[in-house]
Amino acid sequence: GKKASFSRRGKMLTTLLIAGGCALLQRPRLLQASAPQSLRLAASPLAQVPAAAPAPAAAQPPASSGKKGKGRLNIRIDDEWYDLTNWRAAHPAGTHWIDAYNNSDATEVMYAFHSDKAISMFKRLPNSRAPPEGIAPPSASTYAFRELRQRLVEEGWFKIHPLGELQKLAPWSAVTAAGVWLARRSGFWSAFAGVVCLAIGNSLAGWLSHDYVHGRQPFAWAMRGFGELIGGMSTTWWSNKHNMHHALTNEVGYDEDIALDPALHLWAPDPRHDTLPWLRQWQHVYWPLPYSILFLYWRFDSIRYVLKDKKWGEAARLAAHWAAFSALVPFRLLLASVWLSGLITATIVTVTHQSEEIFLGDTLRKYDFVEAQFRSTRDAKCNNWFSDVLWGGMQWQLEHHLFPTMPRYRYPALSKVLAQFASENDLTYRVTGEFKIIGDNVALLKKIGQGPQQPGNPNSEPLFKQV
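### Comments concerning unusual backbone geometry
Moving on, step 1. In this model, D261 is joined to P262 through a cis peptide bond whose omega is 10°.
Moving on, step 2. Its identity as a non-glycine residue notwithstanding, R365 has a phi of 55°, on the positive side.
Moving on, step 3. Checked against the element boundaries, R365 lands in the loop between α16 (331-351) and α17 (369-376).
Moving on, step 4. Judged by relative accessible area, R365 falls into the buried class, the value being 13%.

What follows is the structure, given as structure tokens:
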């Protein structure tokens, strides 16, 4: 009797964990060098989450649709206000970007994500006849950052180097080839090693695809199809969901990467949203399960997206990806490698943000782009060459968030520049060892999981539809 009862409980717990993971994934949501002495290492702010969530004055209302009587959509770029009311629908990346920056400064986002051609065109936009009043000017650190960015552009930091690009491709090609060879051999240990190698190769393919989507050079555009052919995911779908995370990092309601509830809670939930409080207290134990589903879900959602939006070129490349890898590798081992790769990738991409400041309540949209990035992002210090390769540049998370179109092999040198910039502008450059940063995230999950509920706190439902 006790055995049967225990078995039923075990099955129930497993079902709930899987359901939680599925809920997380199916919700429609939006080389190295030592640091200078001025580098300031901040302790991980596990408790830097506001308790309550009153309606913030800093949060901006959704933009108008351009119809009479609905108000105007004004955005500031380089201290000039532009009226985008009648232009928002023509924005290539979607209206949600424009809406999210109504009555706000979008200078840093404009320069971070757009090509030189697009940047040269924005001054053609119509100026605002009645700019909004009461909007604070950019901070001193923001102006200093703009000067820094311009200096980096003039010094050629954003230019790619052929050797750097080859060095990124080499580990992926080697470990993937080894994975295919091992997976095709007989025996348990060969299959196991094949799955591990293929998982690492898939994660490295994800970092490469990530680089090519962010890149604005001709080479990056030429390699963009790598995301579908090798990574197995739609680059357009991924870009649409990912760039909002870059622009509004850890902003609740905007950043999809922290939209993990109800599977995982990163801040104290309101009782209305705490659907499984008894399960929440164990989230520091079961977190690998929802993380490991990441790539399986992304691949499924990519197929759904390209078919719905008729992206036939991407659909053809996705079909070629599945046909080729299914022919090369036993399908069960392929799925296992995608599952393991999801765990690896999700762990790496989340730990540099989740235990930092999360903005909700009176801190939502409170800080300008530069300060918000320094507050919400922490670099991971890798201790060996294998970790450097496996992290795929994501160990330099702050550098990447501030300069996403810069080649990742520039980041080690850039880290010294940013550390100096932080010390000169009253900002904190945060960096922690690769294993401690994971431990800090698990500690946060335990703290929130076993902590009290907080009436008034929001869930992570998006304010704007992203994909």
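### So, the packing of helix α10 (residues 235-247) against helix α14 (residues 294-308)
Two quantities define a packed helix pair, namely the angle between the axes and the distance from one axis to the other.
Moving on, step 1. Relative orientation of the contacting elements α10 and α14 amounts to 110°, with a least axis distance of 9 Å. In terms of their interaxial angle, α10 and α14 are classed as roughly perpendicular. Where α10 abuts α14, its residues T236, W237, W238, N240 and K241 lie against W298, D301, S302 and Y305.
Moving on, step 2. Here the residues of the contact of α10 with α14 are counted per class, giving 4 nonpolar, 3 polar and 2 charged.

### Some details on the nonpolar core
Moving on, step 1. Ranked by size, the top nonpolar core spans 45 residues in total, and within it Y101, F374, F403 and L414 carry the most contacts.
Moving on, step 2. At the level of elements, β1 (74-77), α2 (95-100), α3 (107-113), α5 (140-154), α10, α17, α19 (397-402) and α20 (411-424) are the ones that each hand at least two residues to this core.
Moving on, step 3. Top element by residues in this core is α20. It accounts for 7 residues.
Moving on, step 4. Excluding anything up to four places from it in sequence, Y101 contacts N74, I75, A106, V109, A247, L248 and R365.
Moving on, step 5. Among the nonpolar cores identified, the runner-up in size contains 28 residues, and W287, Y291, W298 and L445 belong to it.

Criteria and cut-off values
Note on numbering: residues in each chain are counted from 1, in written sequence order. It should be noted that, the model being predicted, local features are given only for residues of pLDDT at least 70 and side-chain atom pairs only at 80 or more, the latter also being counted only at that level, while totals for whole chains, interfaces and linings use all residues. Hydrogens and waters are ignored; side-chain quantities use all the structure's heavy atoms. Runs of H or I in DSSP of at least four residues are treated as helices and runs of E of at least two as strands, each being numbered from the N terminus. Type-normalised accessible area, obtained with a 1.4 Å probe on protein chains alone, sets the label of each residue: buried when under 20%, exposed when over 50%, and partly exposed for intermediate values. For helices, the fitted line uses only the C-alpha atoms of the stretch in contact; every axis is such a line through C-alpha atoms, and the angle between N-to-C directions lies from 0 to 180 degrees. Working rule for angles: under 35 degrees goes down as roughly parallel, over 145 as roughly antiparallel, 65 to 115 as roughly perpendicular, anything else as oblique. Residue contacts are counted whenever heavy atoms from the two residues lie within 4.5 Å of one another. Here the nonpolar group is Ala, Val, Leu, Ile, Met, Phe, Trp, Tyr, Cys and Pro; Asp, Glu, Lys and Arg are the charged ones; every other residue, Gly included, is treated as polar. What makes a nonpolar core is a set of buried Ala, Val, Leu, Ile, Met, Phe, Trp, Tyr and Cys residues whose side-chain atoms join them at distances within 4.5 Å.

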